[in-house]
Amino acid sequence: FRDIAIAMTFATAISLFVSISVIPMLSEKFFRLSGEKKKERFAVLGRFGGRLVEAMMGFVNLAMKNTVTRLTTVLSLTFFSVVVTALLLPKMEYLPQGNRNLVINLLVPPPGLSYEEKMDIGKQFFRSVEPHFNKEHNGLPGIKNMFYVGSEQIMLSGAISDHEQRAGELVPLFMQKINSIPGMFGVSSQAGIFQTRLGRARTIEVDVSGSDINQLIKVAGTMFGMINNEIRDAQIRPVPSLELLFPEARLLPDRDRLRASGLSAEDLGIAVDVLMDGRKIGDFKQEGQKKIDLIVKAGEEDIKTPEELYNAMISTPGGKVVPVSSVSALERTSGITEIRHLERNRTITLQVTPPFTMPIEEAMELIDNKIIPAVKSLGLLQGVNVRQSGVADKLTETRKALQWNLILAAVITYLLMAALYENFVYPFIIMLTVPLAGAGGFIGLKLVNILIGTQPLDVLTMLGFVILIGVVVNNAILIVHQTLHNIREYGMEHREAVLDATRSRLRPIYMAAFTSIFAMLPLVVAPGPGSELYRGLGSVIIGGLAVSTVFTVFVIPALLMFVIKMEKVQNKKGF
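Note that the coordinates shown come from a computational prediction; the quantities given were computed from them, not determined experimentally.

Undergrad: Even after reading the chapter, I still don't get the packing of helix H12 (residues 391-421) against helix H15 (residues 459-490), so can you show me in this structure?
TA: When two helices pack together, their arrangement is captured by the angle between the axes and the distance separating the axes. As a packed pair, H12 and H15 sit with axes 11 Å apart at the nearest point and diverge in direction by 15°. The angle between H12 and H15 falls in the class roughly parallel. Note that H12 runs across H15; the crossing there is right-handed. In contact with Thr398, Leu402, Leu406, Ala409, Ala410, Thr413, Met417 and Tyr421 of H12, H15 contributes Val459, Met462, Leu463, Phe465, Val466, Ile469, Val473, Ile477, Val480, His481 and Leu484. A per-class count over the contact of H12 with H15 returns 16 nonpolar, three polar and no charged.

Printed below as a string of structure tokens:
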């Protein structure tokens, strides 16, 4: 999202140049052209605005009446902001999901399916959703196009909808069809706009690692059932499998015989690789051509069965040729389809996709605080390590990065104002408007969830709080600067200087706030493709601006009265 920061930085810089060069010149020209009659047309609006200012100043006067009222104003509004933030702070999501017109279905077949059976399942899958092809059926959008691919370990299907904005409604339909296939695991999800890998849009990966595959299967199976019970409508895909039913042939090295032949277990592994899939020994490249891997392997027809591999001949460092059977033992057993390792330990991963109504952070906390302790209480985690990865890791890293970005933005803003004011106290008072804006941001986000639709606190929405830091301080800067100007240049008394600064800056503050709010409003309320991406960002900025604008004119004058007495009043001639 670096492009957002670049665009805002350059837009602000250019607007600064325009405001001090073009605007004064144009204003002078327009004032010359405007006559008294034209001014009278807006007199009614001017009088109405004046009455609103005086009404607002009445409340400001009340808040600044004495020490008690000032403390009450500051503490009550600050307490309100803290309580609102604590009550409305939602759980975080990672990236915006968007509304991409693509539904992906991942099916994990039971062991032992033949090519013909997988083909039949694909045909059955197509027939079951045929009533939805190119037309609405039972209130669901039509399916414009669909595909199916089958392989040894996984079967994949996907579909796009006739209605681009309603593709997500097909997910329950496909889940129903997947669950109707006996022995089939599977997940169905709408592909995210930032998704780059299959089944990884909103997926929390729960890695179960250890040395005993049987224990891992037991732990992963228990967690599978517990997560299903705790997170309703969650989709869980075990990788590679929860079944030790796939036939497996193992070659167990005889280390004594290997040593007598001058070989090691690693040498035996390399030799078996050459006899099976081959071993890369280098590459070859002709000028102007692509690089070609050089692989040493046995002929395609030489090794067809485990027995042929077991009886195949390999060479020793001494130049002799011995059969594989003389240095190893063949064991037939069962296992899973894929040997996966995490930090050198056998690993089974549960890919958990929570429902869209549950943020990623909430699902992570459920797994960490409820599922894992429950499995541990059963005594199943001895010698087994459970951790979360995938989107869970990315969300944790992003949340930490954004926290530091928020702090860095606040510190830079504070130090910049301290340098301009040549004082550390006034910038601190100005920065107190930031928590007020934060509470407003959460209020805006909550209103969007109630009035418009579900909007999680994702990374893009969090950027709104970073932007608020540089925006909401402007109103407080106007009041503080004008107060200091009144005292230093006009010799006003402290209370009079604060009240006059608030009264004179009130219109510019609310004009700037209203123009910003209405300019951002289309991001929140405008429908159409892509609108859900920036809705959260817009709601946070609008809510933060609205609340901080109202609270600033009460909190800043009240706080200023405690510290403004450090400024000495100078008598000016003619005042």
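Undergrad: What's the story with unusual backbone geometry in this structure? I'm lost.
TA: With glycine set apart, most residues show a phi of negative sign, and most peptide bonds adopt trans. Geometrically, the link from valine 239 to proline 240 is a cis peptide bond, its omega value of 5° lying close to zero. Here proline 240 lies in the loop between strand S6 (235-239) and strand S7 (246-253). The phi dihedral of glutamate 343 falls on the positive side, at around 55°, and the residue is not glycine.

Undergrad: I'm lost on the pattern of salt bridges in this one. Help?
TA: Pairs can form between side chains of opposite charge whenever their charged atoms are close. Counted by the stated rule, this structure contains 14 salt bridges. The closest approach of N and O atoms between arginine 259 and aspartate 256, which form a salt bridge, is 3.2 Å. Of this pair, arginine 259 and aspartate 256 both sit in helix H8 (residues 255-260), separated by three residues, roughly a single helical turn. This pair shows no difference in class: arginine 259 is exposed, exactly as aspartate 256 is. One salt bridge in this structure joins lysine 304 and glutamate 301, with 3.0 Å as the shortest N-O distance. Lysine 304 gets classed as exposed once you look at its relative accessible area, which sits at 58%. It is possible to trace a salt-bridge network through shared partners that takes in Glu136, Arg166 and Glu169.

Undergrad: Would you mind showing me how to read the layout of surface pockets here?
TA: The gaps of empty space that remain are located by a probe, the size of a water molecule, rolled over the atoms. Quantified by volume, the largest pocket comes out at close to 1,500 Å³. Broken down by secondary-structure element, the contributors of at least two residues to the lining of the largest pocket are helix H1 (2-33), H12 and H15. Sort the elements by how many residues they give to the lining of the largest pocket and H15 lands first, with 15 residues. Residue composition of the lining of the largest pocket, by class: 26 nonpolar, 11 polar and four charged. Computed from the structure, the second largest pocket encloses a volume of approximately 880 Å³. Along the wall of the second largest pocket there are 28 residues; nearest its centre are Pro247, Glu248, Ala249, Arg250 and Ile339. If you list the elements that add at least two residues to the lining of the second largest pocket, you get helix H7 (213-230), S7, helix H10 (306-310) and strand S12 (328-335). It is S7 that provides the largest number of residues to the lining of the second largest pocket, a total of seven residues.

Undergrad: Explanation requested: the side chain of threonine 69 in the structure shown.
TA: Locating threonine 69 in the fold gives a position in helix H4 (residues 67-88). Of note is the side chain of threonine 69, whose polar atom sits 3.2 Å from the backbone nitrogen of lysine 65. For threonine 69, the residues in contact, after removing those within four places along its chain, are Leu62, Ala63 and Met64.

Undergrad: How should H12 be read in this particular structure?
TA: Every α-helix winds through 3.6 residues per turn, so residues three or four apart in the chain are directed the same way. With 31 residues, H12 should cover 45 Å at 1.5 Å per step; its first-to-last C-alpha distance of 44 Å lies within 8% of that length. Looking at H12, one finds that the buried residues are Val391, Ala392, Leu395, Thr398, Leu402, Ala409, Thr413, Met417, Ala418 and Tyr421. Buried-residue contacts for H12 involve strand S5 (204-210), helix H11 (360-377), strand S15 (384-390), helix H13 (425-431) and H15. Positive phi shows up at glutamate 422, right after H12, with a value of about 55°.

Undergrad: Could you clarify how one ought to interpret the nonpolar core in this entry?
TA: Where a protein is soluble and globular, its nonpolar side chains tend to be buried together. Met223, Leu350 and Leu560 are the most contacted members of the largest nonpolar core, which has 103 residues in total. Counting 20 residues, the second largest nonpolar core, distinct from the first, contains Val129, Tyr148, Val171 and Leu173.

The rules behind the values
Residues numbered from 1 in each chain as written. Predicted model: local features only at pLDDT ≥ 70, side-chain atom pairs only at ≥ 80, totals over all residues. Heavy atoms only, no water. Axes fitted to C-alpha atoms, helices over the stretch in contact; angles between N-to-C directions. Helix = DSSP H or I, 4+ residues; strand = E, 2+ residues; numbered from the N terminus. Parallel < 35°, antiparallel > 145°, perpendicular 65-115°, else oblique. Left-handed = near helix turned anticlockwise from the far one by under 90°. Contact = heavy atoms within 4.5 Å. Nonpolar A, V, L, I, M, F, W, Y, C, P; charged D, E, K, R; others polar. Salt bridge = Lys/Arg side-chain N within 4 Å of Asp/Glu carboxyl O. Buried < 20%, exposed > 50% of the residue type's maximum accessible area, 1.4 Å probe, protein only. 1 Å grid on protein atoms, 1.4 Å probe; cavity = no way out; pocket = protein on both sides within 12 Å on 5 of 7 lines; lining within 4 Å. Points joined across faces, edges and corners; volume = space filled by probe spheres on them. Polar contact = N/O pair within 3.5 Å; in protein donor to acceptor, adjacent residues only side chain to side chain. Expected span 1.5 Å × (residues − 1). Core = buried A, V, L, I, M, F, W, Y, C linked by side-chain atoms within 4.5 Å.

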